[in-house]
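Results of the structural survey
What follows is each chain in one-letter form.
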Amino acid sequence: MRIDIITCLPEILKGPLDQSILKRAIEKGKVEVCVHNLRDFADNKHKSVDDYAYGGKAGMVLMIEPIDKCIQTLKDNRAYDEVIYMSPDGKRFEQPMANELSLCKNIILLCGHYKGVDERVREHLITREISIGDYVLSGGEIAAAVVADSIIRLLPGVLSDESSALTDSFQDGMIAPPVYTRPAEYKGLKVPEVLLSGNEKLIEDWLADQAEQRTKKRRPELLD
Ligand code: ADE
């Protein structure tokens, strides 16, 4: 899979893509992530990519021209399943959408900034809008990193068997059961006996029961 991220602040994306699981996935060639600086597609001598909003309202708006040029350049080289605009107005990003997007071959994530992008971009250049939650971020970069992370960890060969995405919270509509590691007792706090029993069936049943109880208590709406 290939993920192209279009942004006017590429530095924000460097950190998240350069650590741990994502870094290894990129190095192992399980995914290709390319960050494109919108300023490289600006035609004016100041390399500006935004301008004042028509109508006199406060706030800068990303212009259509550099965005269009960038998307067209990418499209000249490959076909994209989705061109996604990161926006608080978009459809809420949840695990099923991550699962769906992980099946794509190529996607573009477009990050907005300031007051967002010229409406003509939203009307004509993108296939969908995604929000990571009902709050407004300063730009789409952190949201794009969230979406990229949740997709990449689902790709074949990215996670080891033991940290398999299938046992994640939400994958079976429930939150994950508790986990413990050594020592078996710490300052009188004990690991549940069943986990030390070596009885696989008992352990499986206990974990399933814990997941259900936790979900009922913390996120009952998931069980509806
Ligand atoms: N850009 C600004 N806020 C956002 C959000 N909540 N989700 C996605 N992109 C955004």
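Residues numbered from 1 in each chain as written. Predicted model: local features only at pLDDT ≥ 70, side-chain atom pairs only at ≥ 80, totals over all residues. Heavy atoms only, no water.

**Remarks on the domain arrangement of the chain**
Our working definition: A domain assignment, automatic or from a database, supplies the domain bounds used here.
Domain annotation of the chain identifies domain 1 (2–152) and domain 2 (169–223). Taken over C-alpha atoms, the centre of domain 1 sits 37 Å from the centre of domain 2.

**Description of the sheet that holds strand 5 (residues 82–92)**
Strand pairing in a sheet relies on backbone hydrogen bonds. The paired strands run either parallel or antiparallel. Cut-off, in case you're wondering: Any two strands between which DSSP finds at least two bridges are classified as paired. A helix here means a DSSP run of H or I that spans at least four residues, while a strand means a run of E at least two residues long, and both kinds are numbered starting from the N terminus. Working convention: axes come from line fits to C-alpha atoms, limited for helices to the stretch in contact. Angles between N-to-C directions cover 0 to 180 degrees.
Taken in spatial order, the five strands of this open sheet run 2-1-6-5-7, and their pairing is parallel. If you trace the sheet from one side to the other, it starts and ends with strand 2 (32–37) and strand 7 (128–131), each paired once. Each neighbouring strand pair of the sheet contributes to a mean axis angle of 30 degrees, computed without reference to strand direction.

**Considerations on the site of the ligand**
Quick note on the threshold: We call a residue near a given molecule or strand whenever any one of its heavy atoms falls within 4 Å of it. Here a polar contact is taken to be a pair of N or O atoms separated by no more than 3.5 Å, where protein atoms must pair a possible hydrogen donor with a possible acceptor and residues adjacent in sequence count only if both atoms sit in side chains. Here, Shrake-Rupley sampling with a 1.4 Å probe gives the accessible areas, and only protein chains in the shown set may cover a residue. In this count, Pro and Cys sit with the nonpolar residues alongside Ala, Val, Leu, Ile, Met, Phe, Trp and Tyr, while Asp, Glu, Lys and Arg are called charged and the others, Gly among them, polar.
Taken together, 13 residues lie around the ligand, and Ser 87, Ile 132, Gly 133, Tyr 135 and Leu 137 are the ones closest in. One of the backbone N or O atoms of Gly 133 is found 3.1 Å from a nitrogen atom in the ligand. Between Leu 137 and the ligand, the recorded distance is 3.0 Å, taken from a backbone N or O atom to a nitrogen atom. Burial of the ligand by the surrounding chains reaches 96%, relative to a free accessible area of 260 Å². By residue class, the composition of the shell around the ligand is eight nonpolar, five polar and no charged.

**Digging into the layout of surface pockets**
It is a probe the size of a water molecule, rolled over the atoms, that shows where empty space is left. To keep it simple, the criterion reads: A pocket here means an open set of points on a 1 Å grid, computed over the protein atoms alone, that has protein on both sides within 12 Å along at least five of seven lines. A cavity is instead a set of points where a 1.4 Å probe fits but cannot get out; residues with an atom within 4 Å of a point line either one. Grid points are joined across faces, edges and corners, and a volume is the space filled by probe spheres set on the points.
Reported here for the largest pocket is a volume of approximately 560 Å³. Along the walls of the largest pocket sit 25 residues, with Thr 167, Pro 177, Pro 178, Val 179 and Leu 207 positioned nearest its centre. Looking at the lining of the largest pocket, the elements with two or more residues in it are helix 7 (193–196) and helix 8 (200–218). No other element matches the four residues that helix 8 contributes to the lining of the largest pocket. The class makeup of the residues in the lining of the largest pocket is 16 nonpolar, three polar and six charged. A volume near 360 Å³ is recorded for the second largest pocket. Taken together, 14 residues line the second largest pocket, and the ones lying closest to its centre are Tyr 52, Ala 53, Tyr 54, Val 61 and Asp 118. If you list the elements that add at least two residues to the lining of the second largest pocket, you get strand 3 (50–52), strand 4 (60–62) and helix 5 (119–124). Of the residues belonging to the lining of the second largest pocket, the class tally is nine nonpolar, no polar and five charged.

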